[in-house]
Amino acid sequence: MMDALGKLLDMLESIWKELDGLFKLLGVLLTAIEQLFNLIESILNFIVGLISAIISLIQQLLGLLFGLINFLIGLLNQIMALLQAILAFLKSAGSFLIKVIENAVIIITAFVLITVGAFIYNRIR
């Protein structure tokens, strides 16, 4: 009986060693799974950060593009306003010049008529 009890204890000790090894293996396996999940979490955080940075960059580029477009539109509006002002000035200066030319033509025509008249008068006389 003692012999059987000793064999039973040896078997239980052997089973306990096997179970202990199995529990240690299970602990290592669970640690490896935890490390794998930590790695996956790190990779997903990196991907989310990268996507966020890319979206932010695209927003900044679009903002810069819209700012540049607004600047060019404003510049074109200023150039158009300048051209309109120049055309209005030329129109007013042109009508003034036309009046000056008309008056000059009248004065020159009157001078020519007076000179021709004086010449004819002097010839007749």
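A brief look at the structure comes next. Please read these numbers as outputs of a predicted model, since none were measured by experiment.

What counts, and at which threshold
- Residues numbered from 1 in each chain as written.
- Predicted model: local features only at pLDDT ≥ 70, side-chain atom pairs only at ≥ 80, totals over all residues.
- Heavy atoms only, no water.
- Helix = DSSP H or I, 4+ residues; strand = E, 2+ residues; numbered from the N terminus.
- Rg over C-alpha atoms; globule rule 2.2 N^0.38 Å.
- Buried < 20%, exposed > 50% of the residue type's maximum accessible area, 1.4 Å probe, protein only.
- Lys, Arg positive; Asp, Glu negative; His and termini not counted.
- Charge placed at Lys NZ, Arg CZ, Asp CG, Glu CD.
- Salt bridge = Lys/Arg side-chain N within 4 Å of Asp/Glu carboxyl O.

1. Topic: the overall build of the protein
When helices and strands are tallied, the protein shows one helix and zero strands. Relative to its length of 125 residues, the protein is extended, with a C-alpha radius of gyration of 53 Å against a globular reference of 14 Å. For the protein, the spread of C-alpha atoms along the three principal axes comes to 180 × 15 × 5 Å. Counting over 125 residues, the protein shows a buried share of 0%. One finds the centroid of the 7 positive side-chain charges in the protein at a distance of 56 Å from the centroid of its 8 negative side-chain charges.

2. Section: the environment of Leu83
Tracing the chain through its elements places Leu83 in helix α1 (residues 2-124). Taking the relative accessible area as the measure of exposure, Leu83 reaches 43% and is therefore partly exposed. Separated by 63 residues in sequence, Leu83 and Asp20 have C-alpha atoms that sit 93 Å apart.

3. As for the pattern of salt bridges
In this structure the tally under the stated criterion is two salt bridges. Put simply, Glu13 and Lys17 hold a salt bridge, and the shortest N to O gap is 3.6 Å. Placement of both Glu13 and Lys17 in helix α1 is noted, with a separation of four residues, approximately one turn of the helix. Judged by its relative accessible area of 42%, Glu13 falls in the partly exposed class.

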